[in-house]
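# Understanding the architecture of this molecule
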Number of protein chains: 2
Amino acid sequence: MSDYIKVPHLIEERSFEIITEELGDKTFPEDIAKIVKRVIHTTADFQYAEILVVSEDAINSAKKAIKSGGHIVTDTKMAMSGINKKKLSEYGGEVHCFISDEDVAKTAKEKGTTRAMAAMEKAIKDEKNKIFVIGNAPTALFKLKQFIEEGKVKPDLVVGVPVGFVGAAESKEEFEKLNVPYIVTRGRKGGSTVAAAIVNAILYML
Amino acid sequence: MSDYIKVPHLIEERSFEIITEELGDKTFPEDIAKIVKRVIHTTADFQYAEILVVSEDAINSAKKAIKSGGHIVTDTKMAMSGINKKKLSEYGGEVHCFISDEDVAKTAKEKGTTRAMAAMEKAIKDEKNKIFVIGNAPTALFKLKQFIEEGKVKPDLVVGVPVGFVGAAESKEEFEKLNVPYIVTRGRKGGSTVAAAIVNAILYML
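Remember, predicted model here, so these are calculated numbers, not experimental data.

How each quantity is defined
- Residues numbered from 1 in each chain as written.
- Chains lettered and ligands numbered in written order.
- Predicted model: local features only at pLDDT ≥ 70, side-chain atom pairs only at ≥ 80, totals over all residues.
- Heavy atoms only, no water.
- Pairing = 2+ DSSP bridges.
- Helix = DSSP H or I, 4+ residues; strand = E, 2+ residues; numbered from the N terminus.
- Contact = heavy atoms within 4.5 Å.
- Axes fitted to C-alpha atoms, helices over the stretch in contact; angles between N-to-C directions.
- Polar contact = N/O pair within 3.5 Å; in protein donor to acceptor, adjacent residues only side chain to side chain.
- Expected span 1.5 Å × (residues − 1).
- Buried < 20%, exposed > 50% of the residue type's maximum accessible area, 1.4 Å probe, protein only.
- Buried area = accessible area lost by both parts, 1.4 Å probe.
- Salt bridge = Lys/Arg side-chain N within 4 Å of Asp/Glu carboxyl O.
- Nonpolar A, V, L, I, M, F, W, Y, C, P; charged D, E, K, R; others polar.
- Core = buried A, V, L, I, M, F, W, Y, C linked by side-chain atoms within 4.5 Å.
- Least-squares fit on C-alpha atoms with pLDDT ≥ 70 in both.

Now for the sheet that holds strand 6 (residues 182-185) of chain B. Residue and element names in this part refer to chain B. The mixed open sheet is built from six strands, whose spatial order is 1-6-5-4-2-3. Strands with a single pairing partner mark the edges of an open sheet, and in this sheet they are strand 1 (52-54) and strand 3 (95-96). As paired strands, strand 1 and strand 6 are joined by three bridges and run antiparallel to one another. Bridge assignment links Val54 to a residue of strand 6, and that residue is Ile183. Here helix 8 (residues 115-123) sits on the sheet in contact with strand 2 (71-74) and strand 4 (129-134), set at roughly 165° to strand 4. Sheet strands touched by helix 11 (residues 192-205): strand 1, strand 2, strand 4, strand 5 (157-160) and strand 6. Its angle to strand 5, the strand with the most contacts, is close to 145°.

The structure is reproduced here in structure tokens:
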């Protein structure tokens, strides 16, 4: 096995060719295709071509936010870790995740909520945070929805792709009813790698 | 939507109940079931019940390694980020990922290989590294296989679950032929979240 491809950009190029081939007749507008393919590249799961939903204004709104140096907030360190921070920093942006902050743990304990919810509460207080990326915690997405409805925050993009069996699908359904730029996955699937892949796909469009 | 479950351990408990229900007749030996269910919990993808392969000695070997303070090496920061480091540290263990190290970038450039391969080369030099976790880069798994065959390293567990379309499936097939404790996913699927879930499932058994 000394003949395997060892050049990273060739591996990625060939992967995207295979994905395009296998998607066959299933086509998307150019920018959405880039997101769908990068998520499939990350998961090897073609079901994402069926369950990814991108609101009409989502990609342009996100591009504009990134270009003006907007910050990104994630619900987990894992999603943060997967986002291309070098690329984001070219525009002055940063990625933050507040889940492990001591004040967040304290707020969660006092209010009897999840740390993910308390982390969202902290995130909306800084106006530099423009893009909210939730790949794990439905409770964070529910909380963010509440803040949006209360007029406390107006994100330029919400990536809402929590994975799981309890609340995940419901938290995303609720989001599709809001008047805010969003990218979600319908049903149970999603996760931190999916969340990061969506953000990176947008970064690579710039 | 003020009636959603907000208590993390209840969410997880209920999730595992649903997974067990939906697995139905598909049962596994107790320890393997814990791994399969945690991976499904992380991905919402029941196909993992079909494609996860655990070698006979893998779980016990990994438990022993962790209990004696063995270190874990991952191929990506994302997999490192998902592993429960607090739990691991109770036994004296640490998680390392060398992919972003300057000397690794230099070696990769000099040898014309991927950074993932150079990172494995660095990892095998420290005898404290007992468990090798590869969720992303087939090239890392190919390289690790070569080092094992050359007798340069004898891991107590290899978690080999790279995801992808170029080399991923092949890199894992090759691994099943080796005489080393392994956990792999057959085919294209896998990823950093899957890798971390497998390691955490073992940590939570202790």
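Mapping His71(B) onto the fold places it in strand 2. One polar contact links His71(B) to His96(B), side chain to side chain, over a distance of 3.3 Å.

Here the focus is helix 2 (residues 30-43) of chain B. An α-helical segment advances 3.6 residues per turn. Residues three or four places apart therefore align on the same side. All names here are of chain B. The terminal C-alpha atoms of helix 2 lie 20 Å apart, and with 14 residues this matches the ideal 20 Å at 1.5 Å per residue to within 8%. If you check which residues of helix 2 are buried, you get Ala33, Ile35, Val36, Lys37, Arg38, Val39, Ile40, His41 and Thr43. Those residues of helix 2 that are buried lie in contact with helix 1 (8-23), helix 3 (48-51), strand 1, helix 4 (58-67), strand 6 and helix 11. In the stretch just after helix 2, Ala44 is the one whose phi turns positive, near 55°.

On to the interface of chain A and chain B. If you look at the interface, chain A gives 39 residues, while chain B gives 39 residues. The contact between chain A and chain B buries some 3,200 Å² in all, and 73% of this surface belongs to carbon and sulfur atoms. Applying the counting rule to chain A against chain B returns two salt bridges. Among the salt bridges present, the one from Arg188(A) reaches Glu22(B), with a minimum N-O distance of 2.6 Å. Secondary structure elements with two or more residues in the side of chain A that touches chain B: helix 1 (8-23), helix 2 (30-43), helix 5 (77-82), helix 9 (138-149) and helix 11 (192-205) of chain A. In terms of residue count, the dominant contributor to the side of chain A that touches chain B is helix 1 of chain A (seven residues). Taken together, the residues of the side of chain A that touches chain B break down into 18 nonpolar, twelve polar and nine charged.

All names here are of chain A. Spatial ordering of the open sheet is given by 1-6-5-4-2-3, a layout of six strands whose pairing is mixed. The strands lining the two open edges of the sheet, one partner per strand, are strand 1 (52-54) and strand 3 (95-96). Two elements, strand 2 (residues 71-74) and strand 4 (residues 129-134), share four bridges in a ladder whose sense is parallel. For Thr74, the partnering residue across the bridge sits in strand 4 and is Val133. With respect to the sheet, helix 8 (residues 115-123) is in contact with strand 2 and strand 4, its orientation differing from that of strand 4 by roughly 165°. On the sheet, helix 11 packs against strand 1, strand 2, strand 4, strand 5 (157-160) and strand 6 (182-185) and is oriented at approximately 145° with respect to strand 5.

Turning our attention to the nonpolar core. The biggest cluster of nonpolar side chains holds 144 residues, and the ones touching the most others in it are Ile35(A), Leu144(A), Phe175(A), Ile35(B), Leu144(B) and Phe175(B). Beyond its immediate stretch of four places on either side in the chain, Ile35(A) contacts Leu52(A), Ile59(A), Ile183(A), Ile198(A), Ala201(A), Ile202(A) and Met205(A).

Here we come to the relation of the copies chain A and chain B. Superposing chain A onto chain B requires a rotation of 180° together with a translation of 0.0 Å along the rotation axis, leaving an RMSD of 0.0 Å. Read as a symmetry element, the transformation amounts to a two-fold axis. In terms of proximity to the rotation axis, the leading residue of chain A is Met78(A), whose C-alpha is 2.7 Å off the axis. Comparing interface residues between copies, 100% of those in chain A also lie at the interface in chain B; the contact surface is shared.

A few words on the pairing of strand 2 of chain A. Residue and element names in this part refer to chain A. Of the two faces of strand 2, the one lined by His71 and Val73 and the one lined by Ile72 and Thr74 are each fully buried. For strand 2 and strand 3, the ladder comprises two bridges, and the chain directions are parallel. In the sheet register, Val73 faces strand 3, and the bridge partner there is His96.

Treat this as a map of the structure, not an account of what it does.
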